[in-house]
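Structure assessment
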Amino acid sequence: MNITTKAYFVHLLTATGAVFAMLAMLAAVEEKWGLMYLWLLVAFAVDGIDGPLARRYHTKKNAPQIDGVLMDLIIDYLTYVFIPAYALFKSGLLPGWTGWIAIIAITFGSALYYADNRMKTRDNSFAGFPGCWNMVILILFAIQPNFWFMLAIVIALAVAMFTPLKFIHPARTERWRVISLPVAIAWTGFAGWAAWVDFQPEALAHRGLVLTSTYLLLAGIAQQIFPARET
């Protein structure tokens, strides 16, 4: 198989994310939240794999007829933003006007953020909260805190998308990657466990989600507070 064919297969892999997004949306319409998140996690796994493959096989050079970056952004918006926001609204975790504020802040702010060509920093981290609402809302489903606390979290992160705060990419941010990547893999495992049991009280899964999420949320900010020594 030549490299051009391999490059196009990477695009096909990326496109499967749209299928998983549709399956997640169908589950969400039926309010099967655990199943919805299992499909979103499959899409999350594909998103974690296709980027390294695209760079390895140089899809921009070897399969230029398809814009893999644009396709990835479209699918990411569906799986990271739109479907989780719908689930948060329909689940009733944020009742009444609080739900409306949440979905408007999430979808409107994320649309602007995803179109911002300054979203990446020099060390391949994200400038501002990267709109990973699938991760945030999954945790809210799992631990179901007070709705005022949930609303505050949503608003704070929506604002954080447009701040100079740094958020790591677990695979691409080189600093602390030896910790960040295993933590991200552990987060995926805990998330899958929580979704598999339909967010029933599973103390270990929920605690693991909180701990791993806290690291992923704050690691980039910690790197700003404690910058690396220049050599």
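This text follows the structure it describes.
Summary of the structure given here. (Residues numbered from 1 in each chain as written. Predicted model: local features only at pLDDT ≥ 70, side-chain atom pairs only at ≥ 80, totals over all residues. Heavy atoms only, no water.)

**Structural notes on the pattern of salt bridges**
Rules: Think of a salt bridge as a Lys or Arg side-chain nitrogen and an Asp or Glu carboxyl oxygen that are within 4 Å of each other. Whether a residue is buried, partly exposed or exposed follows from its accessible area with a 1.4 Å probe, protein chains only, as a fraction of its type maximum: under 20%, in between, or over 50%, in that order.
The full count for this structure, using the stated rule, is three salt bridges. With its nearest N and O atoms 3.1 Å apart, the salt bridge here joins Glu30 to Lys32. Of the residues examined, Lys32 reaches a relative accessible area of 42% and is grouped as partly exposed.

**Topic: the side chain of Thr173**
What counts, and what does not: Segments assigned H or I by DSSP are reported as helices when at least four residues long, segments assigned E as strands when at least two residues long, and all are numbered from the N terminus. For the purposes of these results, a polar contact is taken to be a pair of N or O atoms within 3.5 Å, where, inside protein, one atom must be able to donate a hydrogen and its partner to accept one; residues adjacent in sequence count only when each atom of the pair is a side-chain atom. Any pair of residues with heavy atoms lying within 4.5 Å of one another is described as a contacting pair.
Along the chain, Thr173 falls in the loop between β2 (166-167) and α8 (177-196). Of the polar contacts made by the side chain of Thr173, one reaches the backbone oxygen of Asn124; its length is 3.4 Å. The residues touching Thr173, leaving out its near neighbours within four places in the chain, are Asp123, Asn124, Ser125, Ile168 and Gln223.

**Regarding the nonpolar core**
Counted only if it meets this: By nonpolar core we mean a set of buried residues, namely Ala, Val, Leu, Ile, Met, Phe, Trp, Tyr and Cys, connected to one another through side-chain atoms within 4.5 Å.
One finds Met36, Tyr37, Leu88, Phe129, Trp133, Trp187 and Phe199 to be the most contacted residues of the largest nonpolar core, which totals 57 residues. Looking at this core, the elements with two or more residues in it are α1 (3-29), α2 (33-56), α4 (68-91), α5 (97-114), α6 (133-143), α7 (147-160), α8 and α9 (203-225). Sorting elements by how many residues they give to this core places α6 first, with nine residues. Residues in contact with Phe129, not counting those within four places in the same chain, are Tyr113, Val136, Leu157, Ala160, Met161, Phe167 and Leu217.

**Comments concerning the side chain of Ser180**
Positionally, Ser180 belongs in helix α8. Residue Ser180 is classed as buried on the basis of its relative accessible area, which comes to 1%. A polar contact is formed between the side chain of Ser180 and the side chain of Tyr215, at a distance of 2.8 Å. Excluding residues that lie within four positions of it along the chain, Ser180 makes contacts with Ile168, Pro170, Arg175, Tyr215 and Leu216.

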